[in-house]
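Remarks on the overall topology
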Amino acid sequence: MSNLGPILSLICIAITAVLLLKKFYPHAVLLVSGLSMLIIAFLLNLDMPLLLKPTGFSIFDLFRYVKESFAKTNAGVGLMIMSIGGFVAYSDHIGASKALVYVALKPLKLLKKRPYLAASLVIPIGQTLFVAIPSAAGLGLLLMASLFPILINLGVSRISAASVITGCTAFGIGPASAITASAVSILGMDAASFFVNHQVLLVLPLTLSMMVTYYFVNRYYDKRDKDLKFKEPIDEEEMAVKAPLIYAFIPVLPILLLLAFSSLFNIFGTPIILDTTTAMFISLFIALVFEWIRKRSIKKVFESLNVFWNGMGNIFKTVVTLIIAADIFAKGLISLGFIEGLLSLVQTLGFSAVGVIIVMSVMIFLASMLMGSGNASFFAFGPLVPKIGLQLGIDPIKMILPMQLSASMGRTVSPVAGVIIAVSEIAGVSTLAIVKRNLIPLTVALLLMLILLFL
């Protein structure tokens, strides 16, 4: 009976993966799969996750797990992610996101005689933008509207331009990232410290490796594929920035606030504690003031606030509910002894703590690649980290960091990822063609990340 639980959990994972591959609604798949595992654990008399307030009736307790997950998530990481989603939507609505992209991409026009170098430089510029605009599909569309015509005009092929644009979304880092918000919630630390002390230090060499690999991969494939289309007319109207360029400051304001008022910099004599959600609302207020000065109509500014609330709602129904469903899925895995089974297998195979981290990172990379969602894979397996870390004596940060980066990297080589599909349709190339260009740079980055972690 002791081995039955882990075996059943693997069967449930396999069924869940098949349903997700068949494009079943992931929120429902993870929720139903998690509840099913909890029911099986109850029938097998296995240890169940503890409830804060049991109902007194086991069947009702299953749904009490869902209620408690909603309450816990919405009171913490859920509100944080919703405020991020609202602010990103508002920044896009007032033209601030497009202004930021426009300013950031100005230096690329100086590289008219170095098209592949220009394409490679898109990676660090785009990654920096991704920290401030943490929507992979959203940033991809912005770059397609503004950067894609520039690269084509410089002599970069459509497929090479599309590949580096999607490559910009390979690392979901920064205080505004949903995956980061979930990671710091699991770790119990502030987002600014995690970003500066851990994410940035690891992502910098990975970004450099991607610049080099994209340079050679795109140049090789472009020379081999003689029928590629290069220079084409540019729609200048589509590239126009209608907001004042000073608006480029707005999307990065939350990050600046979080860094300025974090423990990293003791700027003020009296410590000032600022969390991500508060920083988002402060930045929203400043953006509203900018809009009032620009439009001179308080009525229009008040009406524009509706975009923020809609952005919060859209993030709730997509990301936050996915976190809740994944939390129930994780509870189901724990109740069936998945972690104990994994640790037992690791010990049998002679793996060390390093081996466990590598296995989990590669597993999440492949899961994201199959599902097309870095969020879904990380939210499902991220909550397992504290228990695994405790039993193996692994530093949770050393486990969470490669897992969260693997999740976003896996999405970048997925033909069913939203950003890949959106970019491919606008560029007029196939999703598989983009994935083929992305596969080598992202595989090299994954291997380099695992090597750097354990040097």
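In this text, all values refer to a predicted model and were calculated from it rather than measured experimentally.

Remarks on the overall build of the protein chain
- For the protein chain, the count of helices and strands is 21 helices and zero strands.
- In terms of C-alpha radius of gyration, the protein chain reaches 23 Å, essentially the compact-globule figure of 23 Å for 455 residues.
- Seen through its principal axes, the protein chain has C-alpha atoms that stretch 65 × 60 × 45 Å.
- Per-residue burial over the protein chain gives 53% buried out of 455 residues.
- For the protein chain, long-range pairs separated by at least 24 residues make up 79% of all intrachain contacts whose partners lie at least 6 apart in sequence.
- Summed over its atoms, the accessible surface of the protein chain is roughly 20,100 Å², and 68% of this surface lies on carbon and sulfur atoms.
- Each charge class in the protein chain was averaged separately, 32 positive and 20 negative side chains, and the resulting centres sit 6 Å apart.

Describing the pattern of salt bridges
- For the structure on display, the rule yields four salt bridges.
- Between E291 and R294 there is a salt bridge, with the nearest N and O atoms lying 3.0 Å from each other. Taken together, the residues span about one helical turn, with E291 and R294 both in helix α13 (residues 276-295) at a distance of three residues.
- With a relative accessible area of 1%, E291 lands in the buried category.

Here we look at the packing of aromatic side chains
- Counted under the stated rule, the structure contains eight aromatic pairs.
- For the pair Y220 and Y221, a centre-to-centre distance of 5.4 Å together with 65° between the ring planes defines the contact as edge-to-face.
- Classification of Y221 by relative accessible area gives buried; the value is 11%.
- A ring pair is formed by F378 and F379, whose centres lie 6.5 Å apart and whose planes are at 65°; its orientation type is edge-to-face. Note on accessibility: F378 and F379 belong to one class, buried.
- Ring pairs connect the aromatic residues Y116, Y215 and F216, which therefore count as one cluster.
- Of note, R294 hangs over the ring of Y247, and the distance from its end group to the ring centre comes to 5.2 Å.

A short note on helix α4 (residues 77-93)
- With 17 residues, α4 extends 24 Å from end C-alpha to end C-alpha; this agrees with the ideal 24 Å at 1.5 Å per step.
- Taken across its 17 residues, α4 has 13 buried, putting it largely inside the fold.
- Looking at the residues trailing α4, positive phi occurs at G95, about 90°.

So, the confidence of the model for the protein chain
- When the pLDDT values of the protein chain are averaged, the result is 83; 92% of them are 70 or greater.
- Per-residue pLDDT stays below 50 along residues 233-238; that stretch engages in six contacts with residues further than four places along the chain or on separate chains.

Quick word on the nonpolar core
- Formed by 140 residues in total, the largest nonpolar core has its most connected members in F171, L405 and M409.
- It is helix α14 (residues 298-335) that contributes the most residues to this core, 14 residues altogether.
- Every residue in contact with L405, bar those within four places of it in the chain, is listed here: A170, F171, I173, L202, V203, L206 and M449.
- In terms of nonpolar packing, the next biggest core, distinct from the first, is built from six residues, L38, L62, Y65 and I328 among them.

A short note on the environment of P175
- Inspection of the secondary structure assignment puts P175 in the loop between α8 (158-167) and α9 (178-187).
- Apart from the residues lying within four places of it in its own chain, the contact partners of P175 are I84, A191, F195, I255, L258 and T276.

Observations concerning the packing of α4 against α13
- Running from N to C, α4 and α13 cross one another at 20°; their axes reach a closest spacing of 9 Å. Taken together, α4 and α13 sit at an angle that is classed as roughly parallel. In the crossing of α4 with α13, the sense of the turn from one axis to the other is left-handed. Packed against α4, whose contacting residues are L79, M80, S83, I84, F87 and Y90, the element α13 presents T276, T277, M280, F281, S283, L284, A287, L288 and E291 at the interface.

With respect to a nonpolar patch on the surface
- A surface patch of nonpolar side chains, amounting to about 710 Å² of accessible area, comprises I39, F42, L43, F57, I59, F60 and F63.
- At the level of elements, α2 (26-43) and α3 (58-75) are the ones that each hand at least two residues to the nonpolar patch.
- Residue position: F57 is located in the loop between α2 and α3.
- Residue classification places F57 among the partly exposed residues on the basis of a relative accessible area of 42%.

Topic: the side chain of S69
- On the secondary structure map, S69 appears in helix α3.
- Apart from the residues lying within four places of it in its own chain, the contact partners of S69 are I324, D327 and I328.

A closer look at the environment of L8
- For L8, the position within the fold is in helix α1 (residues 4-21).
- A residue is classified by how much of its surface remains accessible, and L8, at 22% relative accessible area, is partly exposed.
- C-alpha separation for the pair L8 and P149, spaced 141 residues apart in sequence, amounts to 51 Å.
- Other than its neighbours up to four places away in sequence, L8 contacts I40, L44 and L336.

Concerning helix α18 (residues 385-392)
- Where α18 is concerned, the buried positions are V385, I388 and G389. The buried residues of α18 occupy an angular sector of 100° when projected down its axis, which confines them to one face.
- Positioned one or two residues after α18, G393 has a phi angle of 70°, which is positive.

As for the packing of helix α10 (residues 191-224) against helix α19 (residues 396-412)
- For the pair α10 and α19, interaxial distance at closest approach is 11 Å and the crossing angle is 50°. Relative to α19, the element α10 is oriented oblique. α19 is crossed by α10, and the crossing has right-handed handedness. For the pair α10 and α19, the contacting residues are F194, H198, Q199, L202, V203 and L206 in the first and I397, I400, L401, Q404 and L405 in the second.

A short note on unusual backbone geometry
- Unusually for a residue other than glycine, R296 sits at a positive phi of about 55°.
- Inspection of the secondary structure assignment puts R296 in the loop between α13 and α14.
- By relative accessible area, R296 is classed as exposed at 67%.

The rules behind each value
- Residues numbered from 1 in each chain as written.
- Predicted model: local features only at pLDDT ≥ 70, side-chain atom pairs only at ≥ 80, totals over all residues.
- Heavy atoms only, no water.
- Helix = DSSP H or I, 4+ residues; strand = E, 2+ residues; numbered from the N terminus.
- Rg over C-alpha atoms; globule rule 2.2 N^0.38 Å.
- Buried < 20%, exposed > 50% of the residue type's maximum accessible area, 1.4 Å probe, protein only.
- Contact = heavy atoms within 4.5 Å.
- Areas by Shrake-Rupley, 256 points an atom, 1.4 Å probe, with all protein chains shown as cover.
- Lys, Arg positive; Asp, Glu negative; His and termini not counted.
- Charge placed at Lys NZ, Arg CZ, Asp CG, Glu CD.
- Salt bridge = Lys/Arg side-chain N within 4 Å of Asp/Glu carboxyl O.
- Phe/Tyr/Trp six-rings, centres within 6.5 Å; stacked < 30°, edge-to-face > 60°.
- Lys NZ or Arg CZ within 6 Å of the ring centre and 35° of its normal.
- Expected span 1.5 Å × (residues − 1).
- pLDDT = per-residue confidence, 0-100.
- Core = buried A, V, L, I, M, F, W, Y, C linked by side-chain atoms within 4.5 Å.
- Axes fitted to C-alpha atoms, helices over the stretch in contact; angles between N-to-C directions.
- Parallel < 35°, antiparallel > 145°, perpendicular 65-115°, else oblique.
- Left-handed = near helix turned anticlockwise from the far one by under 90°.
- Patch = residues over 30% accessible without salt bridge, like charges linked within 9 Å, V, L, I, M, F, W, Y side chains within 5 Å.
- Arc of directions from axis to C-beta.

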